[in-house]
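# Residue-level structural notes
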Amino acid sequence: LLVDFSAKWCSPCEELEEKTFSNDTVRSLVSSHFIPLRIDVSEMDDANEQLMKKYGARQLPVILVRSPSGDTLARWDDFVAADVFAGELSKLSN
């Protein structure tokens, strides 16, 4: 599971979308090895606050890779370049 906490007002989140998640290698790795889940917290309601608290997301962006048992295998709390992200996803998918 690849969890992406994002918001429309978050500049680094927009940069991730434009430069990292749109990268062909990243897209291929995500679609073939992970279940992507984007959580839009543009409006901070009780449900979004609870999700952020549950996953320890204190700021945006936050990207988590979680195992089937719920363990966090990787975490990014800021913009990550496509080549770096693809390399880490490749390691995690083996």
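Structure shown above.
I will try to describe carefully the structure that is included in this document. (Residues numbered from 1 in each chain as written. Predicted model: local features only at pLDDT ≥ 70, side-chain atom pairs only at ≥ 80, totals over all residues. Heavy atoms only, no water.)

Looking now at the overall build of the chain. Along its length, the chain carries four helices and four strands. What you see in the chain, going N to C, is helices and strands ordered as β-α-α-β-α-β-β-α. By the compact-globule yardstick of 12 Å for 94 residues, the chain fits well, its C-alpha radius of gyration being 13 Å. Structurally, the chain occupies a C-alpha span of about 35 × 30 × 15 Å along its principal axes. Restricting to contacts in the chain with at least 6 residues of sequence separation, those with at least 24 account for 62%. Of the roughly 5700 Å² of accessible surface on the chain, a fraction of 48% belongs to carbon and sulfur atoms. In the chain, the 10 positive side-chain charges and the 16 negative ones have mean positions that sit 5 Å from each other. (Helix = DSSP H or I, 4+ residues; strand = E, 2+ residues; numbered from the N terminus. Rg over C-alpha atoms; globule rule 2.2 N^0.38 Å. Contact = heavy atoms within 4.5 Å. Areas by Shrake-Rupley, 256 points an atom, 1.4 Å probe, with all protein chains shown as cover. Lys, Arg positive; Asp, Glu negative; His and termini not counted. Charge placed at Lys NZ, Arg CZ, Asp CG, Glu CD.)

This part takes up the nonpolar core. Ranked by size, the top nonpolar core spans 16 residues in total, and within it Leu-2, Val-26, Ile-63, Phe-85 and Leu-89 carry the most contacts. Mapped by element, the contributors of at least two residues to this core are helix 1 (11-21), helix 2 (24-33), strand 3 (62-66), strand 4 (72-76) and helix 4 (82-93). Look past the residues within four positions of Phe-85 in its chain and what remains in contact with it is Leu-2, Thr-20, Phe-21, Val-26, Ile-63, Trp-76 and Val-80. Residues Cys-13, Val-41, Val-62 and Leu-64 belong to the second largest nonpolar core, which totals 13 residues. (Core = buried A, V, L, I, M, F, W, Y, C linked by side-chain atoms within 4.5 Å. Buried < 20%, exposed > 50% of the residue type's maximum accessible area, 1.4 Å probe, protein only.)

A few words on the sheet that holds strand 1 (residues 2-6). Pairing within the open sheet is mixed, and its four strands lie in the order 2-1-3-4. The two strands at the open ends of the sheet, each matched to only one other strand, are strand 2 (36-40) and strand 4. On average, each strand axis in the sheet is inclined to that of its neighbour by 15°, with strand direction left out of account. Relative to the sheet, helix 4 contacts strand 1, strand 3 and strand 4, its axis offset from that of strand 4 by approximately 180°. (Pairing = 2+ DSSP bridges. Axes fitted to C-alpha atoms, helices over the stretch in contact; angles between N-to-C directions.)

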